[in-house]
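Coordinates in review
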Amino acid sequence: MSPYILMVLLLGLGLGTTITFASSHWLLAWMGLEINTLAIIPLMTQHHHPRAAEATTKYFLTQAAAAAMLLFASTINAWLSGQWDIQQMSHPLPIALITIALALKIGLAPFHAWLPEVLQGLDLTTGLILSTWQKLAPFALILQLQPINPVMFTILGLLSTLVGGWGGLNQTQLRKVLAYSSIAHLGWMILVLQTAPSLTLLTLLTYLIMTFSTFLVFKLNKATTINTLATSWTKAPALMSLAPLIFLSLGGLPPLTGFMPKWLILQELTKHDLAPTATLAALTALLSLYFYLRLSYAMTLTASPNNLVGTAPWRFTSMQSSLPLATTTSATILLLPLTPSITTLLPT
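Residues numbered from 1 in each chain as written. Predicted model: local features only at pLDDT ≥ 70, side-chain atom pairs only at ≥ 80, totals over all residues. Heavy atoms only, no water.

What to know about the domain arrangement of the chain
- Parsing the chain into structural domains produces domain 1 (1-117) and domain 2 (149-306 + 321-347).
- The C-alpha centroid of domain 2 is placed 25 Å from the C-alpha centroid of domain 1.
- Contact with domain 1, which involves 14 residues of that partner, is made by 14 residues of domain 2.
- In total, domain 1 and domain 2 occlude about 1200 Å² of area from one another, counting both sides; carbon and sulfur atoms represent 81% of this.
- Of all residues in domain 1, the largest losses of buried area upon contact with domain 2 belong to Leu108, Ala109 and Pro116, amounting jointly to 42% of the total for that side.
- Applying the counting criterion to the domain 1 and domain 2 interface returns one salt bridge.
- Between Lys176 and Glu117 there is a salt bridge; the shortest N-O distance is 3.3 Å.
- At the surface where domain 1 touches domain 2, the tally comes to two residue pairs in polar contact (both at pLDDT 80 or more).
- Looking at the side of domain 1 that touches domain 2, the elements with two or more residues in it are helix H4 (92-106) and helix H5 (114-120).
- Per element, the largest residue contribution to the side of domain 1 that touches domain 2 is five residues, and it comes from H4.
- Class assignment of the residues belonging to the side of domain 1 that touches domain 2 gives a composition of ten nonpolar, three polar and one charged. (Domains from an automatic or database assignment. Contact = heavy atoms within 4.5 Å. Buried area = accessible area lost by both parts, 1.4 Å probe. Salt bridge = Lys/Arg side-chain N within 4 Å of Asp/Glu carboxyl O. Polar contact = N/O pair within 3.5 Å; in protein donor to acceptor, adjacent residues only side chain to side chain. Helix = DSSP H or I, 4+ residues; strand = E, 2+ residues; numbered from the N terminus. Nonpolar A, V, L, I, M, F, W, Y, C, P; charged D, E, K, R; others polar.)

Observations concerning the packing of aromatic side chains
- Applying the stated criterion across every chain, the model contains four aromatic pairs.
- Each ring, one from Phe218 and one from Phe247, has its centre 5.7 Å from the other, and the planes form 40 degrees; the classification is tilted. Here Phe247 lies in helix H12 (residues 237-251) and Phe218 lies in helix H10 (residues 197-221), a separation of 29 residues in the sequence. Each member of the pair, Phe218 as well as Phe247, is classed as buried. (Phe/Tyr/Trp six-rings, centres within 6.5 Å; stacked < 30°, edge-to-face > 60°. Buried < 20%, exposed > 50% of the residue type's maximum accessible area, 1.4 Å probe, protein only.)

Quick notes on the pattern of salt bridges
- Within the structure shown, the criterion is met by five salt bridges.
- Between Arg51 and Glu54 there is a salt bridge whose closest N-O contact spans 4.0 Å. Here the residue Arg51 and the residue Glu54 both occupy positions in helix H3 (residues 50-81), the gap between them amounting to three residues, near one helical turn.
- Exposure remark for Arg51: the relative accessible area of 33% places this residue in the partly exposed category.
- On the accessibility criterion, Glu54 (34% relative accessible area) is partly exposed.
- The partner of Lys58 in a salt bridge is Glu54, with the nearest N and O atoms 2.7 Å apart.

Examining the environment of Pro324
- Structurally, the position occupied by Pro324 is in helix H15 (residues 322-334).
- Overall, the relative accessible area of 33% leaves Pro324 in the partly exposed class.
- Taking the C-alpha atoms as reference points, Pro324 and Ser213, separated by 111 residues in sequence, lie 7.9 Å from one another.
- Other than its neighbours up to four places away in sequence, Pro324 contacts Phe212 and Leu216.

Things to note about the side chain of Ser213
- Here Ser213 shows up in helix H10.
- A residue is classified by how much of its surface remains accessible, and Ser213, at 0% relative accessible area, is buried.
- Apart from residues lying up to four places away in sequence, Ser213 is in contact with Ile246, Leu325, Thr328, Thr329 and Thr332.

Comments concerning the packing of helix H9 (residues 174-191) against H10
- For the pair H9 and H10, interaxial distance at closest approach is 10 Å and the crossing angle is 170 degrees. Here H10 runs roughly antiparallel to H9, going by the angle between their axes. Residue-level inspection shows Leu174, Leu178, Ser182, His185 and Met189 of H9 in contact with H10, the latter providing Thr200, Thr203, Leu204, Tyr207, Met210, Thr214, Phe215 and Phe218. (Axes fitted to C-alpha atoms, helices over the stretch in contact; angles between N-to-C directions. Parallel < 35°, antiparallel > 145°, perpendicular 65-115°, else oblique.)

Considering the environment of Trp114
- Tracing the sequence through the fold places Trp114 in helix H5.
- Trp114 sits in the buried class, given a relative accessible area of 9%.
- For the pair Trp114 and Thr45, spaced 69 residues apart in the sequence, the C-alpha separation amounts to 16 Å.
- Every residue in contact with Trp114, bar those within four places of it in the chain, is listed here: Tyr59, Thr62, Gln63, Leu104, Lys105, Ile106 and Gly107.
- Polar contacts involving the side chain of Trp114 include one to the main-chain carbonyl oxygen of Leu104, which spans 3.1 Å.

Examining H10
- Taking 1.5 Å per residue as the helical rise, H10 with its 25 residues ought to reach 36 Å, and the 37 Å between its terminal C-alpha atoms agrees with that figure.
- Judged by how many residues are buried, H10 sits mostly within the fold: 19 of 25 residues are covered.
- Where H10 terminates, the next one or two residues include Lys222, which has phi positive at roughly 50 degrees. (Expected span 1.5 Å × (residues − 1).)

Encoded structure:
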């Protein structure tokens, strides 16, 4: 792809997200989401491969359906209440429809079925953009909706943590594992949205850092399956010894960074007399932890079968810059001791 076209598309992604962030009017928010979708589609289909074309088509149809539902719901809201302001929603019907549309946009369960399939058809760089940047604009709208329907958000959150843990158990494709990991993390964020929006933002930030470092590790090794991961220790032994720590941080194991948001969320839920919700969420986290442990085991404790299929491929030196990987890996592993400082920064 020409660097000029790439620059225009990346600027389009930035513009769409910024418009949605800055808007207080539903039409402007919808316009930002549409610019975002249209900017990423050429990036998704840049590799002329049937899987990429299929993934792009699925993504486009899903996002178009969600955007149409969002526009429909905001029009109903304007019809019922006479205004388009995002923070002045009062009628339960448009609120429910908009929540469903935004859940479909980011891939919350039970509207998640498109996400693993789409991510599986993309290369790792575009997959990284889809898993991180593309979540920001819909999340900004969900945050503005948040005080309205607590029961719906709790159901969506618990279902997402369960589906995200359950769905990733039997996967051998790393991109599908990351898609289910994304669904589970989004569930945790939605779960605490009604009681502590600042915690949701902290969880989103840690999720972005951890996902960024995981994708960069896979990209450095050109790894897309667990078997490829098992042969990659010869390429970068130091990085491969740190990679299990990145996976376990994604799973939320202490003393790694990923434990911090889960710990604070469980504490917050218990404080608000939601102990059963906290217990269920903690149990579903064990499912996610299992498949991260499986990845760590495959990477460090197994020798790859040395047949023709499993022979380690010839590896050229990677041209990838090591600074983003070093920064995000350090943040993914080492930030837990800063929890007291971080909690003082959060608004109560």
